[in-house]
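# Residue-level structure breakdown
Here is how the chains run, residue by residue.
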Amino acid sequence: MDINSNKYTYLFSIVMVVIVAAMLSYAAISLKPAQDANIELEKKQEILSSINVVVQRDAAGPAFDQYIKQSLVIRNGKIVENPTQPAFNIDLAAAVSQPLETREVPLYVANIDGKEFYIIPMRGKGLWGPVWGNLSLEKDGNTVFGASFGHKSETPGLGAEISTALFSGQFVGKKILNGSNFVSISVVKSKTSSEHEVQGISGGTITSVGVQSMIQDCLAPYIEYLKTVGSTVAPAPVSADTLTAEVSSL
Amino acid sequence: MSSNEQSKPKSGLFSKENRKLLADPFNMQNPVTVQVLGICSSLAITVKLQPAIVMGVSVLVVTAFSNLITSLLRNLIPNRIRIIVQLVVVAALVIVVDQILKAYVYDVSKQLSVFVGLIITNCILMGRIEAFALGNTPWKSFLDGIGNGAGYAVVLIVIAFIRELLGSGQLYGYQVVPADWYLNPETGTGFYSNNGMMLLPPMALIVVAIIIWVQRSKFKDLIEK
C-alpha cells in the first residue's frame, strides 16, 4: 500500500489515535490511586499546618488522626446530622460557588494537649487562579489561632507571598467577631489599626483582596455555629476596646 | 527511505560509531551549549538540584523513547502527517511521565509544574526525531536519544549545582555552607551571605553563557567563523 495515499494517511491517524488514547487512559487510571493519596495527604498536611502542627507529608496521615478529633459538616450555622458525604470529601471549590444558605462546608475540630480548636477550610480566587487556606480558631470561636494559605499560580515574589509564614503569621490573635457581629478580617494596604486587619502584600493587591473576600465568604456559613459554641466558653461578649487592651498587654 | 541503511553490514551494539552517538551530545554536539536548544527550561528549573535532576531524567526518558518509537514506525508514517505523528508520540510520552511524577514524586512534580508539560515543546525532541530518528535504525535512534537527553541533563545539573550552592548555600537540599559562616546582623559574626541573584532566571542565563565560554575556549572548533 502506498504510504502517502489519502486512504492510508486517514487509516494511520485513526489507528494511532485509538492506540495512544487507550494507552494514556490505562496509565491515568492505574496511577490515579497513588496520585489521589498524595493529594489527600497534602490536604491533611495543610489542615494541620493551620494549627501549627508541621509534619512531613508521609507522616500527615497518622498526625491527622491524632489531632483532628471530629469532622463536622455545617450548613447555615448548624451541624448537618447525616451528611451525604464525609466532611473531608467535600469539594470546597464546588461548595463555595453555592449560595450561603444551602452551602454544606466542613469544619474540623482539633485537640492539642486538651485544648480545642476549630479549623475552617477556605477557597477563593486570586489573580491568576484559585487561592485556598485553612484558618483555625480558638475555643471561643472568635480568636484566630493560626492560618495557612496556598495558591495555584500567583506571581512569585508578589501574590505568591501569601503562602509564607510572614503573611499567615499576622493572623494569629486577630478576631473575626466584634461583639456578636461578624466583621471578618480585612487585608489592608496601610498599617493595621485594629484586630480585624492584617497587612497585605505590596505588589500583590489583587491577591490580597482575593484573600480578604475568601475569608469573608468562607467564614460566613460558620458564624452562627461559632457563636453558639463560643457562648458556652466565653463570658458575655466584651467590647472591642477591652479586647485590644488585653491583646496589647500580652 | 531506509533500504540503503538496512543493506549495510550490521555493526556491533556498541561499535565505535554507536558510542559516538552517545558521547557526542555531551560535548561537541551538546544540545544546550552548542545547538542552544531547550534553553527556557534550563533557566526555569535549575534553582535547585533535585528538580533539575528529575527534569533531566524525564527529558532523557522522553527523548530516548520518542526516538525509538518514531524510528520503529519510520517506514509506516505517511510523509504528510509526520510532524503530527511525532508530536503525538512525544505528547503521549510526556503525559505518561507527568502522571508518574505526580504519583511517585509529588513534591518535585509540583515544583516542576508546567515545565514537565512543556517538554513537548522542547526543541531537542522534535529536532532529534526529525533529523535523526526518521532516517536511522531503532537502536541507533535510541542511543542518540539517550545521548541528547543526557547531554541536556548534564548541563542542567551543572547549572543547578552552581545556582543552589551560591544561591542557597545548599546542595540537593542539604546545607553545605557552614551555618556559622553566615553574617549575623545582631552579633556581627560571620562574613558570608547567599547570593540572591543566583535564584533569579537572569543568573541562569549568565551561568549558561559561562559554560559556553569555557567550552568554546577549550574546543576551538566550536567557535563560529
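Owing to the predicted nature of the structure, the values given are computational and were not obtained by experimental measurement.

### Some words on the overall build of chain A
A tally of helices and strands in chain A yields seven helices and 10 strands. Since a compact globule built from 250 residues should have a radius of gyration of about 18 Å, the 23 Å found for chain A marks it as more spread out than a globular shape. With the C-alpha coordinates aligned to their principal axes, the bounding extent of chain A is approximately 90 × 45 × 35 Å. Counting only residues that meet the buried cut, chain A has 31% of its 250 residues in that class.

### Digging into the pairing of strand E5 (residues 130–137) of chain A
All names here are of chain A. Buried residues dominate E5, accounting for seven of its eight residues. The sheet contact formed by strand E4 (residues 115–125) and E5 spans eight bridges and is antiparallel. Pairing of Lys-125 across the sheet is with Pro-130, part of E5. If you look at the hairpin formed by E4 and E5, you'll find four residues sitting between the two strands. Summarising the sheet, E5 and strand E6 (residues 144–151) pair through seven bridges and their orientation is antiparallel. Paired with Leu-135 across the strands is Ala-147, a residue of E6.

### So, helix H1 (residues 6–49) of chain A
Residues and elements named next belong to chain A. Its 44 residues place the ends of H1 60 Å apart at the C-alpha level, agreeing with the 64 Å of an ideal helix rising 1.5 Å per residue. At Lys-32, H1 shows its maximal bend, which comes to roughly 45 degrees, and the proline Pro-33 appears one to four places after that position. Inspection of H1 places Lys-44, Gln-45, Ile-47, Leu-48 and Ser-49 among the buried residues, and these make up the whole buried set. Those residues of H1 that are buried are in contact with helix H2 (60–67), strand E3 (104–112), E4, E5 and E6.

### Considerations on unusual backbone geometry
The backbone of Ser-184 of chain A shows a phi angle near 60 degrees, a positive value even though the residue is not glycine. We note that Tyr-172 of chain B has phi near 50 degrees; this positive angle belongs to a residue other than glycine. As for its position among the elements, Tyr-172 of chain B is in the loop between strand E1 (170–171) and strand E2 (174–175).

### A look at the confidence of the model for chain A
The predicted coordinates of low-pLDDT regions are not to be read in fine detail. Counting all residues, the mean pLDDT for chain A is 86, and 93% of those residues have values of 70 or more. Contacts for the low-pLDDT stretch residues 236–250 of chain A, under 50 throughout, to residues beyond four places or in other chains number 10 contacts.

### Points about the environment of Ile-211 of chain B
Residues and elements named next belong to chain B. For Ile-211, the position within the fold is in helix H10 (residues 201–218). Measuring from C-alpha to C-alpha, the distance between Ile-211 and Val-158 comes to 8.9 Å, with 53 residues separating the pair along the chain. Excluding residues within four positions of it along the chain, Ile-211 makes contact with Thr-33, Val-155 and Val-158.

Reading the values: rules and limits
Residues numbered from 1 in each chain as written. Chains lettered and ligands numbered in written order. Predicted model: local features only at pLDDT ≥ 70, side-chain atom pairs only at ≥ 80, totals over all residues. Helix = DSSP H or I, 4+ residues; strand = E, 2+ residues; numbered from the N terminus. Rg over C-alpha atoms; globule rule 2.2 N^0.38 Å. Buried ≥ 20, exposed ≤ 12 C-beta atoms within 10 Å, placed from the backbone. Pairing = 2+ DSSP bridges. Expected span 1.5 Å × (residues − 1). Bend = angle between axes of the 7 residues up to and from the residue. Contact = placed C-beta atoms within 7 Å. pLDDT = per-residue confidence, 0-100.

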